[in-house]
Amino acid sequence: MLKGKVALVTGSTSGIGLGIATAFAEQGADIVLNGFGDAAEIEKVRAGLAGKHGVKVIYDGADLSKGAAVRELVENAVRQMGRLDILVNNAGIQHTAQIEDFPVEKWDAILALNLSAVFHGTAAALPHMKKQGYGRIINIASAHGLVASAYKSAYVAAKHGVVGFTKVTALETAGQGITANAICPGWVRTPLVEKQITALAEKNGVDQEAAARELLGEKQPSLQFVTPEQLGGTAVFLASDAAAQITGTSVSVDGGWTAR
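Please read these numbers as outputs of a predicted model, since none were measured by experiment.

Definitions and limits used
- Each chain has its residues counted from 1, following the order in which its sequence is written.
- In keeping with the predicted nature of the model, local features appear solely for residues at pLDDT of at least 70, side-chain atom pairs appear and are counted solely at 80 or more, and the whole-chain, interface and lining totals rest on all residues.
- The basis for the side-chain values is all heavy atoms of the structure; hydrogens and waters are excluded.
- Strands are runs of DSSP state E lasting at least two residues, helices are runs of H or I lasting at least four, and both sets are numbered from the N terminus onward.
- Remark: exposure states derive from per-residue accessible area (1.4 Å probe, protein chains only) relative to the maximum for the residue type, with buried under 20%, exposed over 50%, and partly exposed in between.
- Residue-level accessible areas treat just the shown protein chains as cover; the underlying method is Shrake-Rupley with a 1.4 Å probe.
- Only four residue types enter the tally: Lys and Arg on the positive side, Asp and Glu on the negative side, with His and both chain ends excluded.
- By convention, the charge on Lys lies at NZ, on Arg at CZ, on Asp at CG and on Glu at CD.
- Contact between two residues is taken to exist if any of their heavy atoms lie within 4.5 Å; hydrogens are not considered.
- How far a helix is expected to stretch is found by multiplying one less than its residue total by 1.5 Å.
- Basic side-chain nitrogens of Lys or Arg form a salt bridge, by our definition, when they fall within 4 Å of a carboxyl oxygen of Asp or Glu.
- Two strands pair under a simple rule: DSSP has to find at least two bridges between them.
- Axis lines are fitted through C-alpha atoms, for helices just across the contact stretch, and the angle between N-to-C directions can take any value from 0 to 180 degrees.
- The handedness rule is simple: strands pointing away from the viewer, and a clockwise path from the first strand over the helix to the second, make the crossover right-handed.

Things to note about the overall build of the chain
Next, step 1: In terms of regular secondary structure, the chain is built from eight helices and seven strands.
Next, step 2: When each of the 260 residues of the chain is scored for burial, the buried share is 49%.
Next, step 3: Within the structure as shown, the chain displays about 11500 Å² of accessible surface, and the carbon and sulfur contribution to it stands at 55%.
Next, step 4: Of the side chains in the chain, 23 bear a positive and 24 a negative charge, and the two mean positions are spaced by 6 Å.

Printed below as a string of C-alpha cells:
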C-alpha cells in the first residue's frame with residue numbers, strides 16, 4: 001500500500017512511534033526512525049525492520065526539544081531518502097503537578113517537544129510535500145487533546161494545541177494533495193504510562209496490575225489498553241489513498257474515553 005513512500009516518524013525507537021513505523025514498513029514504506037535510547041538496541045530495531053520488510057531504514061537521533069534540530073531532521077531525511085511523503089509527529093513527554101506547583105522548566109520542556117516540535121517539523125516538511133503534490137501529516141495528539149485531566153496542565157495544553165494546529169495545517173494545504181490529521185489515543189501501555197501506573201500502585205499500596213485496572217477504570221470504558229499495533233493500523237489508513245479526503249480531523253482511538 002505504501003511502497004515507494006518515505007515516512008519519518010519521530011519518537012519511534014519504542015512505544016507508539018515504533019508501532020507506527022513498523023506498520024508503515026509492513027506496507028512497504030522506507031522509514032526514518034528518530035528517538036533516544038541505547039545505541040545497540042536502536043540499531044537492532046533499525047536492522048530488524050529493514051531486514052524483515054525489505055525496506056530502507058535509517059536512524060537520526062535529533063533532539064526534538066530544539067526547533068532548529070527538528071527542521072534539520074526533516075532536511076536530512078529528504079537528503080538521504082530523496083523525498084518525504086509521510087510525517088508522523090509523535091515524540092512526547094509528560095509531567096504531572098498542580099498548576100501552582102508545576103515546575104516552569106517542565107512546562108517549557110513539554111510545550112517544546114509536544115507542541116513546538118510539531119510546528120517545526122510540519123513547517124520544514126510542507127515545502128517538500130507541496131513541490132511533489134503529495135503528503136500525509138499525522139500528528140499523535142491524545143484523548144487529552146480533546147478533554148482534560150487534573151494535574152496535566154502542560155500536557156493537556158500542548159495536545160489541545162496539536163489538535164488546533166492540525167486543523168490549520170489542513171486548511172492551508174487543502175486541495176494540494178496533502179492531508180493533515182491527528183490521532184488521539186487513550187491509554188496505551190507505553191513506558192510513559194507505565195510510570196503513571198507505578199506511581200498509582202505506590203500511592204494506593206497495590207500491585208502493578210491492580211493499578212493498571214484502576215487507571216483504565218477511571219477513563220477508558222473498554223477496560224483495555226490501546227496497542228501500538230492498533231495505532232499503527234490507524235496511521236496506515238490515514239496515509240492511504242482511501243483517506244485522501246480525510247483532513248483536519250481527530251481520530252479517537254480511546255476505548256470510549258471521549259464518548260462520555
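Having seen the model, we can carry on.
Digging into the side chain of N90
Next, step 1: Mapped onto the elements, N90 comes out in the loop between β4 (86-89) and α4 (104-132).
Next, step 2: Beyond its immediate stretch of four places on either side in the chain, N90 contacts T10, G11, I16, G17 and I140.

Quick notes on the environment of A117
Next, step 1: In this fold, A117 is placed in helix α4.
Next, step 2: Judged by its relative accessible area of 7%, A117 falls in the buried class.
Next, step 3: Along the sequence, A117 and D63 sit 54 residues apart, while their C-alpha atoms lie 9.8 Å from each other.
Next, step 4: With near-sequence residues (within four places) excluded, A117 lies in contact with L64, V70, N89 and A112.

Notes on helix α3 (residues 67-81)
Next, step 1: Between its terminal C-alpha atoms α3 stretches 21 Å, which fits the 21 Å expected from 15 residues at 1.5 Å a residue.
Next, step 2: For α3, the set of buried residues is G67, V70, L73, V74, N76, A77, V78 and M81.
Next, step 3: Those residues of α3 hidden inside the fold are in contact with β1 (6-9), β2 (30-34), β3 (57-60) and α4.
Next, step 4: Downstream of α3 by one or two residues, G82 has phi in the positive range, about 90°.

Let's talk about the pattern of salt bridges
Next, step 1: Enumeration over the complete set of coordinates arrives at six salt bridges.
Next, step 2: Across the pair E43 and R46 runs a salt bridge whose closest N-O atoms are separated by 2.9 Å. Of this pair, E43 and R46 both sit in helix α2 (residues 39-53), separated by three residues, roughly a single helical turn.
Next, step 3: For R46, a relative accessible area of 22% corresponds to the partly exposed category.
Next, step 4: The residue E209 makes a salt bridge to R189 at a minimum N-O spacing of 2.9 Å.

Quick word on the sheet that holds strand β7 (residues 250-253)
Next, step 1: Across the sheet, seven strands lie side by side as β3-β2-β1-β4-β5-β6-β7; this open sheet has parallel pairing. Each edge of the open sheet is held by one strand with a lone partner, namely β3 and β7. In this sheet, adjacent strand axes meet at a mean angle of 20° when their direction is disregarded.
Next, step 2: The sheet contact formed by β1 and β4 spans three bridges and is parallel. Pairing of L8 across the sheet is with L87, part of β4.
Next, step 3: Contacts between helix α8 (residues 228-239) and the sheet are confined to β4, β5 (135-140), β6 (178-185) and β7, with β6 contributing the most and set at about 160° to the helix.

A few points about the pairing of β4
Next, step 1: With burial as the criterion, each face of β4 is covered, one bearing I86 and V88 and the other bearing L87 and N89.
Next, step 2: Two strands pair when backbone bridges link them, and β4 and β5 are joined in this way by four bridges, in the parallel orientation. By the bridge assignment for β5, N89 is matched with N139.
Next, step 3: Handedness of the crossover is the feature at issue here: the chain leaves β4, passes through α4, returns alongside β5, and the resulting connection is right-handed.

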